[in-house]
Amino acid sequence: MTARVLLLGGTGDALAIARTLGSQHVYSLAGLGRVPADLACAVRVGGFGGPQGLARFLADEGIALVFDATHPYAAQISANAARACEAAHVLYWALRRAPWQPQPGDDWRMVGDWAGVSEAIAPFARPLFTLGREPLAHLDEVPPQQHWTIRCLDAHPGHARARVIDARGPFTPEGERALFTEARIDVVVSKNSGGAATEAKLAVARDMSLPVVMMRRPPLPGAQRELASAREAIEAIDHAIQRSFNA
Ligand code: NAP
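Since this is a predicted model, take the numbers as computed values, not measurements.

**Student:** Sorry if this is basic, but what is going on with the nonpolar core here?
**Tutor:** The tendency in soluble globular proteins is for nonpolar side chains to be buried side by side. Within the largest apolar cluster, 23 residues are counted, with the highest numbers of intra-cluster contacts made by Leu7, Ile17, Tyr27, Phe67, Ala69, Leu95 and Ile237. When residues of this core are traced back to their parent elements, those giving at least two are β1 (4-8), α1 (12-18), β2 (26-29), β4 (63-68), β5 (91-95) and α7 (230-242). The element that contributes the greatest number of residues to this core is α7, accounting for five residues. Grouped together as the second largest cluster of nonpolar side chains are 21 residues, Ala120, Val142, Val189 and Val213 included.

**Student:** What am I meant to see in the sheet that holds strand β7 (residues 127-130) here?
**Tutor:** Backbone-to-backbone hydrogen bonds pair the strands of a sheet. The strands run either parallel or antiparallel. With parallel pairing, six strands are arranged side by side in an open sheet as β6-β11-β10-β7-β8-β9. Edge strands, defined here as strands with exactly one partner in the open sheet, are β6 (108-111) and β9 (162-166). Here the average twist between neighbouring strands, direction ignored, is 20 degrees. Across four bridges, the pairing between strand β10 (residues 187-191) and strand β11 (residues 212-215) is parallel. Along β11, the bridge assignment pairs valine 189 with valine 213.

**Student:** Please explain the sheet that holds strand β12 (residues 225-227) as it appears in this structure.
**Tutor:** Taken together, the six strands give an open sheet; going across it, the order is β3-β2-β1-β4-β5-β12, and neighbouring strands pair in parallel fashion. Here the strands that pair on one side only, and so sit at the sheet edges, are β3 (42-45) and β12. Each strand of the sheet is rotated relative to its neighbour by a mean of 20 degrees, with strand direction disregarded. In the sheet, β5 pairs with β12 via three bridges, with the strands oriented parallel. Within β12, the position partnered with leucine 95 by the bridge is leucine 227.

**Student:** Sorry, what's going on with the environment of glycine 105 here?
**Tutor:** If you trace the backbone, glycine 105 turns up in the loop between β5 and β6. Using a relative accessible area of 64% as the deciding quantity, one classes glycine 105 as exposed. Here the alpha-carbon distance between glycine 105 and alanine 203, two residues 98 residues apart in the chain, equals 9.8 Å.

**Student:** Can you walk me through the domain arrangement of the chain in this structure?
**Tutor:** Note on interface size: it is often stated as the accessible area lost on association of the parts. Here the domain parsing of the chain yields domain 1 (4-98 + 218-242) and domain 2 (108-215). Here the C-alpha centroids of domain 1 and domain 2 sit 29 Å apart. Each partner contributes to the interface: domain 1 provides seven residues, whereas domain 2 provides eight residues. Between domain 1 and domain 2 lies a buried interface of about 640 Å² when both sides are counted; carbon and sulfur atoms form 46% of it. For the domain 1 face of the interface with domain 2, the top three residues by lost area are Arg34, Tyr73 and Arg97, together amounting to 65%. The tally of links from domain 1 across to domain 2 stands at zero salt bridges. One can count four residue pairs in polar contact (both at pLDDT 80 or more) joining domain 1 with domain 2.

Conventions we followed
- Residues numbered from 1 in each chain as written.
- Predicted model: local features only at pLDDT ≥ 70, side-chain atom pairs only at ≥ 80, totals over all residues.
- Heavy atoms only, no water.
- Core = buried A, V, L, I, M, F, W, Y, C linked by side-chain atoms within 4.5 Å.
- Buried < 20%, exposed > 50% of the residue type's maximum accessible area, 1.4 Å probe, protein only.
- Helix = DSSP H or I, 4+ residues; strand = E, 2+ residues; numbered from the N terminus.
- Pairing = 2+ DSSP bridges.
- Axes fitted to C-alpha atoms, helices over the stretch in contact; angles between N-to-C directions.
- Domains from an automatic or database assignment.
- Contact = heavy atoms within 4.5 Å.
- Buried area = accessible area lost by both parts, 1.4 Å probe.
- Salt bridge = Lys/Arg side-chain N within 4 Å of Asp/Glu carboxyl O.
- Polar contact = N/O pair within 3.5 Å; in protein donor to acceptor, adjacent residues only side chain to side chain.

Okay, here's the thing in structure tokens:
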């Protein structure tokens with residue numbers, strides 16, 4: 001069987017890489033978001049059943065390289081992939097997008113988890129959450145003095161003190177400023193995703209002197225090669241395929 005690439009995705013960068021893969025390669029999604037229907041490569045959806053399940057998949061499908069282009073906060077699948085690759089003697093490479101760095105004028109308050117977020121936003125009245133779907137699990141915890149604005153990929157009715165905006169980046173500074181003003185945002189809650197698509201909120205928070213409650217990145221496993229952008233990843237994968245994965 002021809003040696004194949006398994007691309008782990010769920011991000012815009014992963015989709016950009018997937019668009020360059022030929023039909024023998026596989027793009028894998030957890031199944032929480034949109035599944036593209038216009039790719040040349042195969043697309044599979046859903047978990048593998050932990051590292052053992054993934055190691056079995058790698059052996060059964062003749063995978064020579066796992067390329068991890070998952071989100072920097074998707075730590076479980078990255079840990080599973082590193083373990084499975086070690087067990088199955090398969091290459092493990094990853095896209096490790098650089099985190100955003102605070103700029104002069106920024107007021108970042110670092111937290112490690114939801115409890116930290118709750119504590120950090122307690123003095124504020126109108127937080128904007130850009131953490132994905134996690135705040136939806138806490139809608140019954142909105143304190144009486146707060147109104148939450150939650151931006152994520154899920155449509156949800158919210159309630160009288162929680163508005164859910166179902167929107168996908170990229171976001172512009174003009175759009176962010178309009179949202180912050182209209183929703184009277186007084187604190188922004190964010191993951192440190194890195195990249196340009198969702199960075200505008202940080203510049204607008206800086207301009208408007210708003211604090212940012214920033215969730216720390218989880219630790220990720222080391223990879224045999226770490227690429228910093230989709231463009232670098234595409235070149236490296238293409239080169240490896242041309243050489244049939246020989247060093
Ligand atoms: P996670 O906690 O790291 O993974 C949970 C489980 O979901 C994994 O153990 C695995 O199940 C399955 N899974 C995750 N990514 C997969 C993939 N690409 N292909 C097949 N199975 C996958 O992940 P998460 O934080 O829930 O994120 C889920 C997906 O959303 C990821 O693919 C990620 O790239 C994307 N995403 C996450 C965030 C975020 O903030 N976490 C933001 C944007 C996009 P098994 O153990 O059964 O294999």
